[in-house]
Each structure stands twice: as C-alpha cells, then as structure tokens.
Amino acid sequence: MKVLVVGGGGREHAIVKALRESNEIDELICAPGNGGISVDCRCVPEVGASDIDAIVSLAKAEKVDYVVVGPDDPLALGCVDRLTESGIPAFGPDKSAARMESSKIFSKGLMEKHSIPTAKFRTFTDYENALRYIETQQPPLVVKADGLALGKGAIICETLDDAREAVKEMMLDGKFGKSGAFVLIEECIYGPEITVLCFCDGKSIVPMVSSQDHKRALDGDKGLNTGGMGAVAPCPLYTPEIAARVEAEVLKPVMDAMIAEGLCFKGILYVQLMLTKDGPKVIEFNARFGDPEAQVVIPLLKTDLFTIMRACTDGTLGKLRIEWKNECAATVVLASGGYPEHYEKGKYISGLSIAMLSGATIYHAGTKRDKYTFLTNGGRVLDITARGATLEQALQKAYSAVRLISFDGMQYRTDIGKKYRA
Ligand code: AMP
Ligand code: GLY
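These numbers were taken from a predicted model, which means no experiment stands behind them.

About the thresholds
- Residues numbered from 1 in each chain as written.
- Chains lettered and ligands numbered in written order.
- Predicted model: local features only at pLDDT ≥ 70, side-chain atom pairs only at ≥ 80, totals over all residues.
- Heavy atoms only, no water.
- Core = buried A, V, L, I, M, F, W, Y, C linked by side-chain atoms within 4.5 Å.
- Buried < 20%, exposed > 50% of the residue type's maximum accessible area, 1.4 Å probe, protein only.
- Helix = DSSP H or I, 4+ residues; strand = E, 2+ residues; numbered from the N terminus.
- Contact = heavy atoms within 4.5 Å.
- Near = heavy atom within 4 Å.
- Polar contact = N/O pair within 3.5 Å; in protein donor to acceptor, adjacent residues only side chain to side chain.
- Areas by Shrake-Rupley, 256 points an atom, 1.4 Å probe, with all protein chains shown as cover.
- Nonpolar A, V, L, I, M, F, W, Y, C, P; charged D, E, K, R; others polar.
- Salt bridge = Lys/Arg side-chain N within 4 Å of Asp/Glu carboxyl O.
- Axes fitted to C-alpha atoms, helices over the stretch in contact; angles between N-to-C directions.
- Parallel < 35°, antiparallel > 145°, perpendicular 65-115°, else oblique.
- Phe/Tyr/Trp six-rings, centres within 6.5 Å; stacked < 30°, edge-to-face > 60°.
- Lys NZ or Arg CZ within 6 Å of the ring centre and 35° of its normal.
- Pairing = 2+ DSSP bridges.

A. Highlighting the nonpolar core. Leu 4, Val 67, Leu 269 and Val 271 are the most contacted members of the largest nonpolar core, which has 77 residues in total. By residue number, the principal contributor to this core is helix H10 (residues 240-260), which donates eight residues. The residues contacting Val 271, other than those within four sequence positions of it, are Ile 194, Thr 195, Val 196, Cys 198, Val 250, Leu 251, Val 282, Glu 284 and Phe 285. Core analysis: the second largest hydrophobic core is formed by 41 residues, Leu 28, Met 208, Phe 289 and Tyr 363 among them.

Right, here's the structure in full:
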C-alpha cells in the first residue's frame, strides 16, 4: 500500500517512523514533512498541511491508498471528508466529529449534557452579558476563545479585572480572530494534568498508555505556555484505580455521548485530564495525537500502528488486541532561543549523528535539510526520545543524547519527568 502522512512536526515524524515498520506499507510519502522526515520518506514540501485542495490533488496524483492526517487544522477544515468523497480512506475524524477539538463550546456542551466531569462553565456571544456574569463570580476564572487558537486560547485570570480584560481582548479587540467571537468563562480547577490518547472507530474507544506533557517554557513550570517542551509515558500518577475511574466516568460516556449526538468519531480522541481532589475532570478534548505526547506513546506500541489505524477507519477496532511494550519513554524538546515568542531560524545543528548512536531516537519537529546537514526551521526543533525499563533510565538516556547536540540559541527544560525520578 502507498500511504500519505499529512503534517510536518515531531508528531508526524513519530508517525512516519512507526509506519515505516509496517509490513502492510510499501511506500510512504509526507506533505509537507520536514528535514528529518525527508530522511525516512519522500516529502512534498510545497503542499501545506492546511491546504485541503492541494492535499486531495496530491493524494490523487500519487494514487495513494490511505492518508493519515496528523494536525488539527486540516481535520477541522474537513480534510478527511474531502478525501473520503474522493474515494481515498483517511485516518482522523470528519469535520463534524473534529468539533470535539475545534469548538470548545460544542465539546463543553456535550460534556454538560452527558454528565462528563469537567470545570463548570458558561458561554457568551455578547460582550455585555459576559461582563455582567464576571461581576457575579469569584476569581480566579479561566477565559477561553471558542475555536482553535494555537493552544493560546485559554487565559487564567487571577482577578475579575484580568477576566474583564481577557474578554475584551477576545470579543472586542479580535485578538484571536474569529475564534474569539464566542467565549467561555470557566471555574478554575486544580491538580496535575495528564493526557490519555484514545483510538476510536466510531463505536469503540481504546485508551493508549497515559502520558504527561510539560507545557511551560522554563524549568519548574515557569515561563510562557508552549506547544509542549517534553513528555513522559506512562505517567506514574495515572494509577490503575484512576484509569478505571476515567474509563467509567469519561471514556465510555464520551463515546456514548458522541454516538447519541450523531458523531462518528474515528481517529484519535485526545483526552486532557486534570486530577482534582474531586476526581478526574476533563480540561479539553483534541481530535488528534498530542505533540509531544505522540513521541513518547507511539514508541511504546507493540502492535503495528497502521493495522490499528485501518481498524479505526473500518470500524473493527473492537476485534483488535492492542499490545504495549512494558517500558517507559521520555522526550525532551530542543527549542530555538526565544521560543515561544520571537526566534531565529537557519541555525546549524551539530551532534545529531553521535546522539543517534547513543541509542536515542531523534524526531525532527522544525528542521530543514541542507544536503547532509540540518538547520533549525521552527520554534520546536528536535524531540530527543528514549525508552528504558524505568522512567529514570529513559530520562537518563534522553538527556545523555541531548548533551551531545547543540545549535546557536538552543533551549530546553532540564526537569522533564524530574518529579518522578529516583
Ligand atoms: P486549553 O486551551 O483548554 O488546552 O487550556 C490550556 C491550559 O490552561 C490547560 O493545559 C490548563 O493548564 C489550563 N486550564 C484550562 N482550563 C482550565 C480550568 N478550568 N482550570 C484550570 N486550568 C485550566
Ligand atoms: N501537547 C499538547 C497538544 O498537542 O495539544
């Protein structure tokens, strides 16, 4: 079979590397891909991940048998619908099901209606009403824009003044574009955050091993929110007792709720949980693999990823036994200086070959290939990943490899998984 992977980040590199192992795939291509992905398969850099017309044309011209859509934007834009209409099966939810991520108002409404535990919230389309509501609340409050806002659409407001300002920025100043025309105001909940990625086939939902992202830019969870600076899997806080509770209180109910609302969710449902003192609550759903969570979860899969993806598309997931390695994984993100704000590109990266010899797996996130060398080409540049019998071993191996790599301005967190280390 010939397979096209859509996307060009570290997540897509992890998907490409896993699909290369599949006996069912003869040829793999990736659009747009990146420097590192271009070593593993042919890339089509001129086709952007959100250019649905170009993706459909490419899939037809290349006569691919199956497409895997990595990022959220093309899913929200209906990439899977368009490919399916053209007779090409694709992995990921259709546009309607992708609203689980692309509209917070939709997904929070579904949770409220079907009693899935989540922070209490109200939605607003009118600025004055939002202001009046804020007057009646106790801070802190969380103000969120409805749509996809590159992970920056949630503002934690310590005072009511901050909440008024956040609502003004979203609803009047258009800071988040169209996403901000509708806002949610939520109660602030507290506790550690955990990611549970789930395979879904429209009927069944099968959780993967748990993981934990590190979202802030700096050590000690300080600094700005980022796309994610590192991750571990499984997350030691996700005990079998909590997992059983999440299955009963969140996973099964959300699949039933989606079916009841007429959604046929096929692909990855990303469940972001907060373990509060009142039990696990959903912070949000996403409709795709997490990045960098995919980089620690996919390497722990024993079962062929492509077999699972096809079972999701075909609606036969319930018949498949998915197996995991009895190991742990860690990834450390190497970012450009200044990320997540302004940063420069085009810096020469040294030490990659020797770092690979040390036994780590290097997923490229934002790199460009220049013959035999790699240059930085984004905010998050590389994901240095390792497996081990314990999380401690995985972290040691990942950080040993990190120390062999350098580029001008390189920044990374030195405390990924630290709270779980021996
Ligand atoms: P989101 O855009 O929904 O992914 O939120 C981004 C981050 O904001 C989450 O990872 C949480 O750390 C935080 N957050 C979102 N909603 C809440 C809430 N209701 N209470 C506390 N923190 C929240
Ligand atoms: N790591 C956070 C996300 O993928 O949304």
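B. Fine view of the site of ligand 1. Within the structure, ligand 1 sits among 16 residues, and Glu 186, Glu 187, Glu 193, Gln 272 and Glu 284 are positioned closest to it. Note that a nitrogen atom of ligand 1 is positioned 2.9 Å from one of the side-chain N or O atoms of Lys 144. The contact in question runs from a nitrogen atom of ligand 1 to an N or O atom on the backbone of Glu 187, over 2.9 Å. About the coverage of ligand 1: the protein hides 91% of its 480 Å² of free accessible area. Elements represented by at least two residues in the shell around ligand 1 include exactly strand E7 (141-145), strand E8 (154-157), strand E9 (183-187), strand E16 (266-276) and strand E17 (279-286). Counted by class, the shell around ligand 1 contains eight nonpolar, one polar and seven charged residues.

C. A look at the pattern of salt bridges. Applying the stated criterion across every chain yields a total of 29 salt bridges. In this structure, the salt-bridge partner of Lys 113 is Glu 261, at a minimum N-O distance of 2.9 Å. Taken together, the positions of Lys 113 in helix H7 (residues 104-113) and Glu 261 in the loop between H10 and E16 put the pair 148 residues apart, joining distant regions of the chain. The salt bridge involving Glu 186 is made with Lys 144; its shortest N-O contact spans 3.2 Å. You can see Glu 186 sitting in strand E9 and its partner Lys 144 sitting in strand E7, a full 42 residues away along the chain. No difference in accessibility class separates Glu 186 from Lys 144, as the two residues are buried. Salt bridges here are not isolated pairs; linked through shared partners, they connect Lys 2, Glu 27, Arg 42 and Glu 62.

D. Layout of the site of ligand 2. Taken together, the residues surrounding ligand 2 are Asp 213, Gly 227, Tyr 270, Asn 286, Arg 288, Gly 290, Asp 291, Pro 292 and Glu 293. Within the backbone of Gly 227, an N or O atom sits 3.4 Å from a nitrogen atom of ligand 2. In the environment of ligand 2, an oxygen atom lies 2.9 Å from a nitrogen or oxygen atom belonging to the side chain of Arg 288. Contact with the protein chains covers 88% of the free accessible surface of ligand 2, which is 200 Å². Residue composition of the shell around ligand 2, grouped by class: two nonpolar, three polar and four charged.

E. Region of the structure containing the packing of helix H1 (residues 10-20) against helix H12 (residues 305-314). Interhelical geometry of H1 versus H12 gives an angle of 105° and a closest axis separation of 8 Å. Relative to H12, the element H1 lies roughly perpendicular. Contacts from Ile 15, Ala 18 and Leu 19 of H1 reach H12 at Leu 305, Phe 306 and Met 309.

F. The packing of aromatic side chains, seen in detail. According to the stated counting rule, one finds five aromatic pairs in the structure shown. Ring centres of Phe 199 and Phe 289 lie 6.5 Å apart, and the angle between their planes is 90°; this geometry places the pair in the edge-to-face category. In this pair, Phe 199 is assigned in strand E10 (residues 193-201) and Phe 289 in the loop between E17 and helix H11 (293-297), connecting sequence segments 90 residues apart. Each member of the pair Phe 199 and Phe 289 is classed as buried. Over the face of the ring belonging to Phe 106 we find Arg 99, whose NZ or CZ atom lies 4.1 Å from the ring centre.

G. Layout of the sheet that holds strand E15 (residues 230-233). A sheet is described by the order of its strands in space; here five strands give the open sequence E12-E15-E18-E22-E19, paired in antiparallel fashion. Strand pairing shows two members of the sheet lacking a second neighbour, strand E12 (212-213) and strand E19 (361-364), which therefore form its edges. Examined bridge by bridge, strand E18 (residues 328-335) and strand E22 (residues 380-388) share eight bridges and lie antiparallel to one another. Residue pairing for E22: Val 333 is matched across the bridge by Asp 383. Set on the sheet, H1 makes contact with E19 and E22; between it and E19 the angle comes to about 125°. Contacts from helix H14 (residues 391-402) reach E15, E18 and E22, with the element oriented near 30° to E18.

H. The side chain of His 214, seen in detail. Following the sequence through the fold, His 214 ends up in the loop between E12 and strand E13 (216-218). At a separation of 3.1 Å, a polar atom in the side chain of His 214 contacts the main-chain amide nitrogen of Gly 417. Ignoring anything within four residues of it in the chain, the contact list for His 214 reads Thr 226, Gly 228, Met 229, Gly 230, Ala 231, Arg 413, Asp 415, Ile 416 and Gly 417.

I. Structural context of the sheet that holds E9. What the four strands build is an open sheet, ordered E6-E9-E7-E8; its pairing is antiparallel. Because the sheet does not close on itself, it has two edges, and the strands there are strand E6 (121-124) and E8. Sheet twist, expressed as the mean angle between neighbouring strand axes with direction ignored, is 20°. Pairing of E6 with E9 involves four bridges; the strand directions are antiparallel. Considered in E9, the bridge of Thr 123 is made with Leu 184. Across the sheet, helix H8 (residues 127-135) is in contact with E6, E7 and E9; its angle to E6 comes to roughly 155°.

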